[in-house]
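Structure at a glance
Single-letter residue listing:
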Amino acid sequence: MGRNPYHPKPTDEDSSSASETDTLLAGVGYTVRSSDLHHVADRLEKLDSTIIAAAASGVPPEFLCSSAIHYNPSDLASWIDSLLTEVPPHSSPSLWTDATCLPPPSSFSIDAHRLGKEEDAGIRLVHLLMTCADSIQRDDLVLARSLIDEMRLLLPLIGVGYGIGKVSIFFLDALDRRISFLPQPTKTVLEDEILYSHFYEACPNLKFAHFTANQAILEAFNGCDRVHVIDLSLMHGLQWPALIQALALRPGGPPALRLTGIGPKTAKVGLRLAEFARSVGVPFTFQAVAAGRLDSVRVKPGEAVAINSVLQLHLLLSETGPIDSVLTLIRELRPKILTVVEQDADHNKPAFLDRFTEALFYYSTLFDSLAAGGGDGGCSAAAEVYLQREICNIVCCEGSERVERHEPMGRWRVRLGRAGFEPMHLGSNAFRQASMLLKLFSSEGYGVEEVEGCLSLSWHGRSLISASAWRARADSAVALVARHRYIIL
Amino acid sequence: MAGGNEVNVNESRMVVPLNTFVLISNFKIAYNMLRRPDGSFDRHLAEFLDRKVQANASPVNGVVSFDHILDRQTNLLARIYCPAPDPADVELPQLVAIYELQKAPSPNPFPVIIFFHGGSFAHSTSSSAIYDTLCRRLVTLCGGAVVISIDYRRSPEHRFPCAYDDGWTALKWASCQPWLRSGKDAKLRVFLAGDSSGGNIAHHVAVRAVQSGISISGNILLNPLFGGNKRTESELKLDGKYFVALQDRDWYWRAFLPEGTDRDHPACNPFGPNGVELEGLPFPKTLLVVASLDLTQDWQLAYAEGLKKAGHEVQLLYRERATVGFYFLPNTEHYHEVMKEIKSFVRCDL
């Protein structure tokens, strides 16, 4: 019918920008090589006509594709190809029915007039906090002290209802501690566990982490008869009943499950999980390993290994920290999947003011989400104490004492890549289920985002916590390094 | 070319640049998978597939953006785009929002554009990459405009009039912000803009505005979404030919309009049998962009006629051989010329 005036078909001479991605499509979120555009366009046409043909023979498009699991929609070429392999349709219906048209959420109301005055005072407090942090960075502790006194006077004007006003109090206290050289409050393992479980209840963050990691582990364990999960920090083992249940319901029957729980006092938790596994018919054994003793974990030949790290890896990032040796240990265990969940924030910047600012805005978002959750008073208050400890650690501590060294997912991607891991994309199935979980348990404002195969939980668009999955690269050079224990690079 | 025995030549592939064809075909196929015949919508898959970007308070090409809640009662979120502030005034990206929101009215006039993204009332958000890119462009294009992209509630979960209410809430919010006022008279120089369903929302918010005494400097409607019960010639002739089918349009109206109503509802057909009289109201001047290969063009042209008959100023840009979505990628004359017209439209009365 004639030539397209914008883009004639490429001739053999047009090989110049062969491997470049189309910049305009990249600017709107899609990665397609310029040289692939014609091919992708052809495949789109093919997919379109296939869907039309299927519709004509009675299969509607949405049914055709609803059972497909989508991965990385930015990579258009592979997304289209994966859909093409879904056609003709296969018969297994999705286990989940989609609940759309849900009732509207309850509104979060606040007196509009009062809001104006409070917001002004809150904004002023933020300015003062930043100035104080800056003076600490410059070692002007006299100025810092006077600013702290000034801020304490401002406090009664701040509404403690939500957002930055509320969290400022914790940051103010932390700054005060830092310049007063007060020792960190002593913590017991019991306290830690209690606060952790309140935090778990008060907001969906940890549930999201567990849920998403479990989904990835479940998919990785497909077709395996003997599976072994290694949890880098067992705590109450809150993550595992759901996985055990899902394995019990697996078509074809459950695998034999081994769980290795690392941490203090894990034996009791192990017993409870064993009871539960028995009650649902999953063959189960538990191994307790002391905190920090990943090196003593053994894997058996023939078992599929999943290593699970929820909010653990950042603890290893101090200058003398063992992150590299831990990642090497993990790789040597030859896991089928490594699930990593981390706070998506940059609280490890070397300059104090930068760290302080990042943390101020991150935790204010987090506290905002806790407040809107409107959970029972007790849980929220304890959850705030849990977070307050993190804040104190970030603001008051240095060196090996500063363990809350959160880093954004982008940096973990680089670090894990260097350590010999490659990403496994979490797909639309995990996304869908995480979204549905949020709708059931949480207030409006939470969202799930997908970025380069990782899923993150966000509050009003601000990413709070990111979940990702990895496997060891099959690289023989990497395997050699692991075996011979010397560094090539 | 693969599949050489195909008889149907895909006409849409012939009239747009290849990357545009890939982009819009991708949307067409993806959206097809999300709509169900019973009127429900696969929202989870929709959000998964939507390519989104975060707001960025560090300057990129001289523009910063941040998300802001305009109204806590409805949790109405907007993404605000501004020209990057002077680094001497704001040292850290996290302080940009605070700095901007606290500014006093500026002596130099600047336009404020409240933008409603498209998506036929069901798709996309203010963080969708296609719209983030477009809004950033508008800031620079209009010589330093503030663009406020509204994350309005979408159908089928939230039908008429939710999206309009959200637009109205946004406009009321804007009219209370000192930092959005400018010029010797410290006025809010606000334009309502949108594409597809966003254009429809802009119209209805403008009506409510002028009925309530808020002055709008102008409306910018890009391929706005209007319709009616009647099947027009363009709908029949172009059905299915250029990325859009009449069946889809029908689905989106059924998902948006109140149950039991039809396409002659005034939301869909503002100059139809149930329309509101606009004569005598200080309705703003309108820049209306119509693509000749958009099957809803007859309704858009009827809209222009309706405005003119009511005595209101309409500048019509009818783009020959343009399809829906031509404004997403800066790779055609359509894109560049329309952007030029938007720029003059916005800056001429400042």
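Residues numbered from 1 in each chain as written. Chains lettered and ligands numbered in written order. Predicted model: local features only at pLDDT ≥ 70, side-chain atom pairs only at ≥ 80, totals over all residues. Heavy atoms only, no water.

Per an unreviewed UniProt entry, the recorded name for chain B is Gibberellin receptor GID1C, and the organism is Dendrobium catenatum.

The name given to chain A in an unreviewed UniProt entry is DELLA protein, and the organism recorded there is Dendrobium catenatum. Recorded in UniProt for chain A, the comment headed Sequence similarities (unreviewed entry) runs: "Belongs to the GRAS family. DELLA subfamily." The UniProt entry for chain A carries the following text under Subcellular location (unreviewed entry): "Nucleus". (UniProt positions renumbered as here; feature names shortened; annotations may be inferred.)

Focus: the environment of Val-53 of chain B
Residue and element names in this part refer to chain B. Looking at the secondary structure, you find Val-53 in the loop between helix H3 (43-49) and strand E1 (63-71). The class for Val-53 is partly exposed, based on a relative accessible area of 31%. Residues Val-53 and Pro-266 lie 213 residues apart in sequence; the distance between their C-alpha atoms is 34 Å. Not counting residues up to four positions away in its chain, the partners in contact with Val-53 are Arg-79, Ser-127, Ala-129 and Asp-132. (Helix = DSSP H or I, 4+ residues; strand = E, 2+ residues; numbered from the N terminus. Buried < 20%, exposed > 50% of the residue type's maximum accessible area, 1.4 Å probe, protein only. Contact = heavy atoms within 4.5 Å.)

With respect to the UniProt feature "domain: Alpha/beta hydrolase fold-3" (unreviewed entry) in chain B
Those places that UniProt annotates as "domain: Alpha/beta hydrolase fold-3" (unreviewed entry) correspond, in this numbering, to residues 113-326 of chain B. In residues 113-326 of chain B, the share of helix is 34% and the share of strand is 17%. The end C-alpha atoms are 20 Å apart.

Considering the sheet that holds strand E9 (residues 286-291) of chain B
Strand pairing in a sheet relies on backbone hydrogen bonds. The paired strands run either parallel or antiparallel. Residues and elements named next belong to chain B. With mixed pairing, 8 strands are arranged side by side in an open sheet as E1-E2-E4-E3-E7-E8-E9-E10. With one partner strand each, in any of the chains shown, E1 and strand E10 (314-319) form the two edges of the open sheet. Ignoring strand direction, the axes of neighbouring strands in this sheet form an average angle of 20°. For strand E8 (residues 218-222) and E9, the ladder comprises 4 bridges, and the chain directions are parallel. (Pairing = 2+ DSSP bridges. Axes fitted to C-alpha atoms, helices over the stretch in contact; angles between N-to-C directions.)

Observations regarding the pairing of E9 of chain B
Residue and element names in this part refer to chain B. A large share of E9 lies buried, amounting to 6 of its 6 residues. Residue alternation in E9 divides its side chains into two sets, Thr-286, Leu-288 and Val-290 and Leu-287, Val-289 and Ala-291, and both sets are buried. Here E9 runs beside E10; their pairing, made up of 6 bridges, is parallel. Residue pairing across strands places Val-290 opposite Tyr-318, the latter belonging to E10.

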